[in-house]
Amino acid sequence: MTAEALEGRVIRSYSNVYYVQVGSEVLECRPRGRLRYREERVLAGDQVRVSRAGPGLGAVDEILPRRNALSRPSVANVDQVVIVQSFHEPDLDFGLLDRYLVVVALDDLPATLCFNKADLASPAEVAAFPALYDRLGYRCVVASVRASEGLEDVRALLSGRISVLAGPSGVGKSSLLNALSPGLGLRTGEVSRKVRRGTHTTRHVALIPTGEGGLVADTPGFAHLEVSDLRPSELAGYYPDLAALAPSCRFQGCAHRAEPDCRVKEAVARGEVDRGRYERYLALLAEVEANYRPW
Ligand SMILES: Nc1nc2c(ncn2[C@@H]2O[C@H](COP(=O)(O)OP(=O)(O)OP(=O)(O)O)[C@@H](O)[C@H]2O)c(=O)[nH]1
Ligand SMILES: [Mg+2]
Ligand SMILES: [Zn+2]
């Protein structure tokens, strides 16, 4: 009798044990020798061929071709990065948000935005902040875990895709997943902050089912984000609002800073490009220039 050839998705990885979802069943798998010796690491999110090795047990025979693989967290076949921010506690950090958008674009992944803690925001903030990014073409949802608002919008955003949640500490990433997946019991609040060192060093990555076929990796938040390995002249290309105007600037590769006949500067002056975003771009440009090593 030949072993049944199955295909499934790796939904959790510990150091060398993988949990593979095959239909409605989850098999605990080890990699077969060939994979072990080639040191080809199986990642959460991988689509794999497995064969049964006993009740509830299996072996990973083959990793099917990946569309992409992120390193932090280690997840393959990521469809989108959901950048979570809170309106307050902590206050929305637009500088960090714009950086995240650049970093996600550098990874060639689509970014979507989730604005949480709407219960702490004024109606004006709820109206204005997401609209700014919505106009730039990013899909935005507004939520409040506390008030149970927008959770179905978040579920819909995650449905049928593999997503990674990113964003600063304390904005409610784990709380959102707990709300979407009852019984999950992710640590939230102060506790999460205390164990962060620990969670960073474990090699445990789990994709959490959120319903409607959505699988999500939670990540611990970090407050600073380096934008590295980028030519300064390429930075503006990762800002959809600036990139749309760049072809009409007088100079090719215009940095939109001191150059004459710059359509971006004109649009900022007319209020067509958000001034705050433009200023954040200039600040990041200066940093990218300072870090740039052309060799
Ligand atoms: N007012 C309010 N508080 C919230 C909301 N969502 C989460 N919180 C609180 O915010 C705190 C931080 O939530 P977490 O879910 O741990 O945040 P996190 O983004 O996972 O943080 P890290 O894991 O440190 O990156 C907790 O005390 C939550 O109870 C919300 O919608 N409104
Ligand atoms: Mg968390
Ligand atoms: Zn320009």
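Residues numbered from 1 in each chain as written. Chains lettered and ligands numbered in written order. Predicted model: local features only at pLDDT ≥ 70, side-chain atom pairs only at ≥ 80, totals over all residues. Heavy atoms only, no water.

Visitor: Looking at this model, I keep getting lost on the coordination of the zinc ion (ligand 3). Mind explaining?
Guide: All of the protein donors around the zinc ion (ligand 3) are Cys249 (SG), Cys254 (SG), His256 (ND1) and Cys262 (SG); their distances to the metal are 2.1 to 2.4 Å. Coordination at the zinc ion (ligand 3) comes from four donor atoms whose angles at the metal span 104 to 116°, giving a geometry best classed as tetrahedral. Read in sequence order, the donor residues for the zinc ion (ligand 3) give the motif C-x4-C-x1-H-x5-C. As far as burial versus exposure is concerned, His256 and Cys262 are alike and both buried. (Donors = N, O, S within 2.8 Å, 3.2 Å for Na, K, Ca; no water. Tetrahedral: all angles 85-135°; square planar, octahedral: opposite > 155°, others 65-115°. Buried < 20%, exposed > 50% of the residue type's maximum accessible area, 1.4 Å probe, protein only.)

Visitor: I'm lost on helix α3 (residues 123-135) in this one. Help?
Guide: Note on helix geometry: an α-helix contains 3.6 residues per turn, so any two residues three or four positions apart are oriented the same way. Over its 13 residues, α3 extends 19 Å from the first C-alpha to the last, a length consistent with the 18 Å expected when each residue adds 1.5 Å. Those residues of α3 that fall on the buried side of the exposure criterion are Glu125, Pro130, Leu132 and Tyr133. Relative to the axis of α3, the buried residues are bounded by an arc of 140° and lie together on one face. Exposed residues pointing more than 90 degrees away from the buried face of α3 are listed as Pro123, Ala124, Ala127 and Arg135. Residues of α3 that are buried sit in contact with α2 (94-106), β9 (111-116), β10 (139-142) and α10 (275-291). Looking at the residues trailing α3, positive phi occurs at Gly137, about 100°. (Helix = DSSP H or I, 4+ residues; strand = E, 2+ residues; numbered from the N terminus. Expected span 1.5 Å × (residues − 1). Arc of directions from axis to C-beta. Contact = heavy atoms within 4.5 Å.)

Visitor: Please clarify how α10 should be interpreted in this entry.
Guide: Between its terminal C-alpha atoms α10 stretches 25 Å, which fits the 24 Å expected from 17 residues at 1.5 Å a residue. Of the surrounding elements, those touching the buried residues of α10 are α2, α3, α8 (240-243) and α9 (263-269).

Visitor: Please explain the pattern of salt bridges as it appears in this structure.
Guide: By the definition in use, this model includes 16 salt bridges. Two residues, Arg99 and Glu287, come together in a salt bridge whose shortest N-O distance is 2.5 Å. Here Arg99 is found in helix α2, whereas its partner Glu287 is found in helix α10, with 188 residues between them in sequence. By relative accessible area, which is 25% here, Glu287 ends up partly exposed. Its salt-bridge partner being Glu266, residue Arg263 comes within 2.8 Å of it at the nearest N-O pair. Placement of both Arg263 and Glu266 in helix α9 is noted, with a separation of three residues, approximately one turn of the helix. Accessibility expressed as a relative area gives 28% for Arg263, which makes it partly exposed. When salt bridges with common partners are traced through the structure, they connect Asp98, Asp241, Arg277 and Arg280 into a single cluster. (Salt bridge = Lys/Arg side-chain N within 4 Å of Asp/Glu carboxyl O.)

Visitor: Please explain the nonpolar core as it appears in this structure.
Guide: Membership of the largest hydrophobic core comes to 34 residues, with the highest contact counts inside it found for Val75, Ile83, Leu97, Leu113, Phe115 and Tyr133. When residues in this core are grouped by element, the largest group, six residues, is from α2. Apart from residues lying up to four places away in sequence, Tyr133 is in contact with Phe94, Leu97, Asp98, Leu101, Leu113, Phe115, Tyr138, Cys140, Arg277 and Arg280. The next biggest cluster of nonpolar side chains, apart from the first, holds 20 residues, and it includes Leu242, Cys254, Tyr278 and Leu284. (Core = buried A, V, L, I, M, F, W, Y, C linked by side-chain atoms within 4.5 Å.)

Visitor: What is the right way to read the packing of helix α4 (residues 151-158) against helix α5 (residues 173-180) from this model?
Guide: Describing two packed helices takes the angle between their axes plus the distance from one axis to the other. Here α4 crosses α5 at 90°, and the two axes come no closer than 10 Å. Relative to α5, α4 is oriented roughly perpendicular. Where α4 approaches α5, its residues Leu151, Val154, Arg155 and Leu158 are matched on the opposing element by Leu176, Ala179 and Leu180. The class makeup of the residues in the contact of α4 with α5 is six nonpolar, no polar and one charged. (Axes fitted to C-alpha atoms, helices over the stretch in contact; angles between N-to-C directions. Parallel < 35°, antiparallel > 145°, perpendicular 65-115°, else oblique. Nonpolar A, V, L, I, M, F, W, Y, C, P; charged D, E, K, R; others polar.)

Visitor: For this particular structure, what's the right way to read the environment of Leu97?
Guide: Structurally, Leu97 is set in helix α2. Sequence separation between Leu97 and Leu113 is 16 residues, and the spatial gap between their C-alpha atoms is 9.1 Å. For Leu97, the contacting residues outside a window of four places in its chain are Ile83, Gln85, Leu92, Leu113, Phe115 and Tyr133.

Visitor: Explain the domain arrangement of the chain here, please?
Guide: Quite often, the size of an interface is put as the accessible area lost when its parts meet. For the chain, the domain assignment lists domain 1 (5-63), domain 2 (69-217) and domain 3 (232-291). Of note, the centres of domain 2 and domain 3, computed from C-alpha atoms alone, are 28 Å apart. Taken together, the contact pairs twelve residues of domain 2 with ten residues of domain 3. For the pairing of domain 2 and domain 3, the buried interface totals around 980 Å² over both sides, and the portion due to carbon and sulfur atoms is 64%. When the buried area of domain 2 at its contact with domain 3 is split by residue, Arg99, Val102 and Leu136 rank highest and sum to 45% of it. One can count four residue pairs in polar contact (both at pLDDT 80 or more) joining domain 2 with domain 3. Ranked by residue count, the leading element in the side of domain 2 that touches domain 3 is α2, at eight residues. (Domains from an automatic or database assignment. Buried area = accessible area lost by both parts, 1.4 Å probe. Polar contact = N/O pair within 3.5 Å; in protein donor to acceptor, adjacent residues only side chain to side chain.)

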